[in-house]
Amino acid sequence: EEPTRPTTDTDELEDIKGIGPAYAERLGEAGIESIAELADADPAEIAADTGLSESRVENWVEQAKVR
């Protein structure tokens, strides 16, 4: 039986293609903990806060907006 990891507020973010547990954690540390928050986020600001590429974050924000 596989151990289950505790669920966190950022699990919902993992529904976005390309966001796994590590990226969800980094987004959470930047204050983004839900798809709704991601949809309203400024990709440049999130990229700066997380060290991720702005184009990657823009893609996630676009996906979040159509959810």
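Since this is a predicted model, take the numbers as computed values, not measurements.

Examining the environment of Glu 54
Next up, step 1: Assignment of secondary structure puts Glu 54 in helix α4 (residues 54-65).
Next up, step 2: Since its relative accessible area comes to 38%, Glu 54 is described here as partly exposed.
Next up, step 3: Taking the C-alpha atoms as reference, Glu 54 lies 9.6 Å from Asp 42; in sequence the two are 12 residues apart.
Next up, step 4: In contact with Glu 54, not counting residues within four places along its chain, are Pro 43, Ala 44 and Ala 47.

Quick word on the pattern of salt bridges
Next up, step 1: Within this structure, the stated rule accounts for one salt bridge.
Next up, step 2: In this structure, Lys 65 and Glu 62 form a salt bridge, with 3.9 Å as the shortest nitrogen-oxygen distance. You can see Lys 65 and its partner Glu 62 sitting in helix α4, three residues apart, about one turn around the helix.

Here's the deal with the environment of Glu 45
Next up, step 1: Along the chain, Glu 45 turns up in helix α3 (residues 43-50).
Next up, step 2: Judged by its relative accessible area of 48%, Glu 45 falls in the partly exposed class.

Section: the side chain of Ser 34
Next up, step 1: Residue position: Ser 34 is located in the loop between α1 (21-29) and α2 (35-39).
Next up, step 2: Within the structure, Ser 34 has its side chain in polar contact with the backbone nitrogen of Glu 37 (distance 3.1 Å).
Next up, step 3: Ignoring sequence-local partners within four residues, the contact set of Ser 34 consists of Glu 12 and Leu 13.

Considering the packing of aromatic side chains
Next up, step 1: Here the structure, examined in full by the defined rule, presents one aromatic pair.
Next up, step 2: Ring centres of Tyr 23 and Trp 60 lie 5.2 Å apart, and the angle between their planes is 55°; on these two criteria the pair is classed as tilted. Of this pair, Tyr 23 sits in helix α1 while Trp 60 sits in helix α4, and the two are 37 residues apart along the sequence.
Next up, step 3: Overall, Tyr 23 belongs to the partly exposed group, its relative accessible area being 23%.

What counts, and at which threshold
Residues numbered from 1 in each chain as written. Predicted model: local features only at pLDDT ≥ 70, side-chain atom pairs only at ≥ 80, totals over all residues. Heavy atoms only, no water. Helix = DSSP H or I, 4+ residues; strand = E, 2+ residues; numbered from the N terminus. Buried < 20%, exposed > 50% of the residue type's maximum accessible area, 1.4 Å probe, protein only. Contact = heavy atoms within 4.5 Å. Salt bridge = Lys/Arg side-chain N within 4 Å of Asp/Glu carboxyl O. Polar contact = N/O pair within 3.5 Å; in protein donor to acceptor, adjacent residues only side chain to side chain. Phe/Tyr/Trp six-rings, centres within 6.5 Å; stacked < 30°, edge-to-face > 60°.

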